[in-house]
Amino acid sequence: MSAAFDFSFYLPNQPIEDADLLRQLPFVVGLKEILMLRQIHALEHATVWVLSESPSSSPLLGGLSTDKGFYIYGEVNLIDLQRAVRLALRRLTHGEDNLAIHPRCGTNVSVEMLLTATFAVSMHLLLPRGIIEQLIGFGIAAQAASQLAPDVGSLAQRYITTAVPLNLEIENITARRDEWGQKAHFVAVRWVE
């Protein structure tokens, strides 16, 4: 007897919950952790967006996602943060998936570095070996990467590094220090089916 799999999740523009994907691919090691991290990352971004909508918000907010939740860095009142996290989760799960994308995300930096390296190597291979030609090629590569990175970074966030947190539940929010001793607030979450 062969196992029957539903491959409908491969169809474009057909939403599927991560829990359904886990049921379809239970043999993939670490899949749950990856899916959970993508959802946590989206909730982190949405929380920063919601906090930044407040006129009294600190302009220097940042976040860091982990497999257990995420840190929020900056001057934030705990009660405001609790409200923002709950509102961010509600807004994300009710159609405002654009909140999962943030222009200051580290994904954008990674994408820009990857594009720069790819373009620089390509220019190095395509252009003559003279120092002037190579420097011009590197300049063109860096400029092209910096122009493309915001859009490509947003696409990478939308389709690779974030996902609507349909399977997350907020456990608690506490003020504490991160692994490097920095003051932050930690938003702990758990997976729910």
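Residues numbered from 1 in each chain as written. Predicted model: local features only at pLDDT ≥ 70, side-chain atom pairs only at ≥ 80, totals over all residues. Heavy atoms only, no water.

**Concerning the environment of Ala144**
The line we're drawing: Note on conventions: DSSP H or I runs of at least 4 residues are helices, E runs of at least 2 residues are strands, and numbering of each starts at the N terminus. Relative accessibility under 20% of the residue-type maximum defines a buried residue, over 50% an exposed one, and the middle range a partly exposed one, all with a 1.4 Å probe and only protein chains included.
Turning to its location among the elements, Ala144 is positioned in helix H5 (residues 131-161). Since its relative accessible area comes to 27%, Ala144 is described here as partly exposed. Expressed as a C-alpha distance, the spacing of Ala144 and Thr116, which sit 28 residues apart in the sequence, is 7.8 Å.

**Structural notes on helix H4 (residues 106-126)**
We count it as follows: The span one expects for a helix is its residue count, reduced by one, times 1.5 Å. The contact rule is simple, with two residues in contact once any of their heavy atoms fall within 4.5 Å.
Helix length check: H4 (21 residues) gives 30 Å between terminal C-alpha atoms against 30 Å at 1.5 Å per residue, within 8%. Every buried residue of H4 is listed here: Thr107, Asn108, Val111, Leu115, Thr116, Ala120 and Met123. Looking at the buried residues of H4, the elements they touch are helix H2 (31-53) and H5.

**Looking at the packing of aromatic side chains**
Short version of the rule: Aromatic pairing here means that ring centres of Phe, Tyr or Trp (its six-membered ring) are within 6.5 Å. Orientation follows from the plane angle: under 30 degrees is stacked, over 60 is edge-to-face, and everything else is tilted. A ring is considered to have a charge above it if a Lys NZ or an Arg CZ atom is located within 6 Å of its centre and within 35 degrees of its normal.
Applying the stated criterion across every chain yields a total of two aromatic pairs. Where Tyr71 meets Tyr73, the ring centres are 6.0 Å apart and the plane angle is 25 degrees; that geometry is what we call stacked. For Tyr71, a relative accessible area of 3% gives the class buried. Here Tyr73 falls in the buried class, since its relative accessible area comes to 19%. The rings of Tyr71, Tyr73 and Phe186 are connected pair by pair, giving a single aromatic cluster. The ring of Phe186 has Arg176 lying over it, and the distance from NZ or CZ to the ring centre is 4.2 Å.

**Points about the nonpolar core**
Taken as a class, soluble globular proteins show a tendency for nonpolar side chains to be buried jointly. This is how it is decided: The criterion is simple. A nonpolar core is a set of buried Ala, Val, Leu, Ile, Met, Phe, Trp, Tyr and Cys residues joined through side-chain atoms within 4.5 Å.
Within the largest apolar cluster, 33 residues are counted, with the highest numbers of intra-cluster contacts made by Leu43 and Val85. Within the residue set of this core, elements represented by two or more residues are helix H1 (18-24), H2, strand E2 (69-73), helix H3 (78-93), strand E3 (168-177) and strand E4 (183-191). Among the elements that make up this core, the one with the highest residue count is H2 (ten residues). Dropping the residues within four chain positions of it, Val85 is found in contact with Leu43, Thr47, Phe70, Ile170, Ile173 and Val187.

**So, the sheet that holds E4**
Let me state the cut-off plainly: When DSSP finds at least two bridges between two strands, those strands are taken to pair. For helices, the fitted line uses only the C-alpha atoms of the stretch in contact; every axis is such a line through C-alpha atoms, and the angle between N-to-C directions lies from 0 to 180 degrees.
Strand order in the open sheet formed by four strands is E1-E2-E4-E3, and the pairing between neighbours is antiparallel. Here the strands that pair on one side only, and so sit at the sheet edges, are strand E1 (62-65) and E3. Neighbour-to-neighbour, the strand axes of the sheet open up by a mean angle of 20 degrees, direction not taken into account. Relative to E4, E3 runs antiparallel, the two sharing nine bridges. Note on E4: the bridge partner recorded for Asn172 is Ala188. Each of E2, E3 and E4 touches H3; the most contacted strand, E3, lies at about 155 degrees to it.

**Things to note about the packing of H2 against H5**
Where we set the bar: Note on angle classes: values under 35 degrees are labelled roughly parallel, values over 145 roughly antiparallel, values of 65 to 115 roughly perpendicular, and the remainder oblique. When residues are grouped by polarity, Ala, Val, Leu, Ile, Met, Phe, Trp, Tyr, Cys and Pro land in nonpolar, Asp, Glu, Lys and Arg in charged, and all others, Gly among them, in polar.
Between H2 and H5, the least distance of the axes is 10 Å, while the angle of their chain directions is 135 degrees. Here H5 runs oblique to H2, going by the angle between their axes. Residues Arg38, His41 and His45 of H2 form the contact with H5, whose participating residues are Gln157, Arg158, Tyr159, Ile160 and Thr161. Here the residues of the contact of H2 with H5 are counted per class, giving two nonpolar, four polar and two charged.

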